[in-house]
Amino acid sequence: MHDDEGRDEAVIRIIMSEVEPPPGRMGAADLLAAGRRARRRRRSTAATAGAFVLSLLAVGGVQLLDRDGPADPPALLGPAAMTSTTPPPPCTATPLELGPKATEGSVNAGSPSGRYLVGFTSFKGTIGSAVRWDGTKQQRLPVPGVLADPLAVNDSGLVVGRYQTGARTVAWAWTGSGDLIHLPIPAGYTGAEANAVNAAGDVAGVLFGRKGTVPVVWRGVNAKAWPEEVKAPGKALAFGISDAGVVVGTVEGEKGSVPYQWDAAGVGSPLALPDGTSAATVLGVRGDWAYGLLFPKPTDGADPSAVEQRKQAAALAQEKLQPYGPEATRGPGTAAGFPNPAATRQLGIAAVWDLRNGTAAVVTEGRIGVVNSRRWLVVNRPEGLAELRAPDNTSRELPGLRGKPDSYAAALSEDGGWIGGSSAGVPVRWNCP
């Protein structure tokens with residue numbers, strides 16, 4: 001098991017898909033506390049029971065919502081069937097190389113070209129090793145410590161991530177050869193993590209300090225690459241950076257977490273919160289598209305105090321996660337047209353933001369694994385199905401290695417033809433001609 005209860009850093013990518021936040025206001029500090037135990041569960045679960053991870057995912061359709069006006073009554077759409085008289089050939093799955101003694105593993109992310117994938121491999125649930133795959137061939141990364149997570153890779157094969165040493169989290173980069181590069185942090189901070197990298201080698205991440213979290217961009221990946229702090233109106237977290245230099249993440253506001261973007265000059269602005277929602281987090285970006293999770297407003301009018309929120313978050317961090325299936329989102333929608341409020345308030349609603357005009361698209365038939373610049377998605381559904389979803393909402397199933405639903409997708413190429421993830425507890429590359 002991966003025991004990170006003592007760490008003081010955020011693992012936000014999967015916090016909201018694996019932790020049930022209490023209704024009402026929930027700030028960045030609460031998200032961090034609630035996510036610590038979730039990260040450990042995700043690593044061990046991904047290696048030993050991928051289907052359980054998928055049982056945490058939500059269900060629904062797609063709806064466009066405008067930033068400035070009330071939402072139209074939603075048309076909840078399921079994935080449309082391919083309408084062409086000559087449908088494309090099925091996607092095929094190929095297991096990735098595990099390396100000596102490894103028996104399981106998972107993919108965390110991939111490069112836009114589809115050539116490189118990064119993740120981890122392990123032996124029967126033991127602490128895993130960080131890995132980069134070139135095609136299907138694996139190369140173990142020289143990452144020390146525990147929780148050695150590669151979180152992003154670009155088309156040059158540059159990998160960034162974090163590892164844990166004692167109570168400190170270290171941001172690192174690896175260029176494809178040589179030693180690991182430790183990304184520097186300014187005085188006054190206790191640690192950092194690198195969450196994303198773009199084509200130019202700019203790295204977006206988070207600095208951890210006694211007063212909270214600060215989003216940051218390292219310009220380059222060497223020991224002298226000084227981090228540029230991204231100005232935010234409060235505690236903030238950065239999880240993605242586009243090739244144009246746009247950074248996305250979340251800011252802790254008065255009423256909860258606010259989805260945020262910063263342009264290449266560092267000027268920040270909030271993203272849309274559609275009617276019926278009170279908070280959101282943005283988890284990644286590719287081109288003009290960002291993705292993350294929305295959280296509906298409480299339906300009972302309750303607005304617990306910040307103190308009560310922290311108590312609830314601390315309690316939740318100690319509870320076991322309860323999986324749920326498609327039935328969790330069935331039932332009457334709210335006024336905003338979302339699924340069962342009891343389920344969505346706890347687990348959030350997947351969403352895509354168009355950074356050009358501020359609109360948000362609600363994807364309620366699963367959790368988004370990643371988006372590309374053409375707004376193709378990989379969507380993970382609660383019954384263990386992973387799909388490639390096109391902008392017109394047509395979808396193609398990503399088959400499992402055992403011929404049954406047990407797939408999870410986390411990487412997508414720009415042309416939509418190459419996808420990385422896991423099936424039957426092992427890392428997989430899908431080809432969708």
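Please read all numbers here as calculations on a predicted model, not as lab measurements. (Residues numbered from 1 in each chain as written. Predicted model: local features only at pLDDT ≥ 70, side-chain atom pairs only at ≥ 80, totals over all residues. Heavy atoms only, no water.)

(A) Geometry of the overall build of the protein. When its secondary structure is counted, the protein shows five helices and 29 strands. Within the protein, the proportion of its 433 residues that are buried is 60%. Nonlocal contacts in the protein, meaning residues at least 24 apart in sequence, comprise 53% of its contacts between residues at least 6 apart. Summed over its atoms, the accessible surface of the protein is roughly 16800 Å², and 53% of this surface lies on carbon and sulfur atoms. (Helix = DSSP H or I, 4+ residues; strand = E, 2+ residues; numbered from the N terminus. Buried < 20%, exposed > 50% of the residue type's maximum accessible area, 1.4 Å probe, protein only. Contact = heavy atoms within 4.5 Å. Areas by Shrake-Rupley, 256 points an atom, 1.4 Å probe, with all protein chains shown as cover.)

(B) Local environment of the environment of Y163. Inspection of the secondary structure assignment puts Y163 in strand 8 (residues 159-165). Along the primary structure Y163 and D149 are separated by 14 residues, whereas in three dimensions their C-alpha atoms are 6.1 Å apart. Among all residues touching Y163, those that are not within four sequence positions of it are V143, P144, G145, V146, L147, A148, R168, T169, V170, W172, L180 and H182. Looking at Y163, its side chain comes within polar contact range of the side chain of H182, at 2.8 Å. (Polar contact = N/O pair within 3.5 Å; in protein donor to acceptor, adjacent residues only side chain to side chain.)

(C) Structural view of the confidence of the model for the protein. Taken as a whole, the protein shows an average pLDDT of 74; of its residues, 68% reach a score of 70 or greater. At the level of individual helices and strands, the protein shows its lowest average pLDDT in helix 3 (residues 50-54), which scores 22, and its highest in strand 28 (residues 418-423), which scores 97. Taken as a whole, residues 1-78 scores under 50 in pLDDT and shows 242 contacts with residues more than four places along the chain or in a different chain. (pLDDT = per-residue confidence, 0-100.)

(D) Fine view of the state of the cysteines. Counting across every chain of the model gives one disulfide. Here C91 pairs with C432 through a disulfide, and the sulfurs are 2.0 Å apart. Disulfide C91 to C432: torsion about the S-S bond roughly 115 degrees, handedness right-handed. In this pair, C91 sits in the loop between strand 1 (62-65) and strand 2 (92-95) while C432 sits in the segment after strand 29 (426-431), placing the two residues 341 residues apart along the sequence. Side by side, C91 and C432 carry an identical accessibility label, which is buried. (Disulfide = S-S within 2.5 Å.)

(E) Up close: the pattern of salt bridges. Here the structure, examined in full by the defined rule, presents eleven salt bridges. For D202, the salt bridge is made with R219, and the minimal N-O distance between the two is 3.3 Å. Of this pair, D202 sits in strand 12 (residues 202-209) while R219 sits in strand 13 (residues 212-219), placing them 17 residues apart in sequence. Take D202: its relative accessible area is 15%, and that puts it in the buried class. Looking at R219, the relative accessible area reads 34%, which means it is partly exposed. (Salt bridge = Lys/Arg side-chain N within 4 Å of Asp/Glu carboxyl O.)

(F) How the structure looks around the sheet that holds strand 14 (residues 227-229). Overall, antiparallel pairing links the four strands, which are arranged 11-12-13-14 in an open sheet. Each edge of the open sheet carries a strand with a single partner, namely strand 11 (189-197) and strand 14. For this sheet, the mean inter-axis angle between neighbouring strands, taken without regard to orientation, is 35 degrees. (Pairing = 2+ DSSP bridges. Axes fitted to C-alpha atoms, helices over the stretch in contact; angles between N-to-C directions.)

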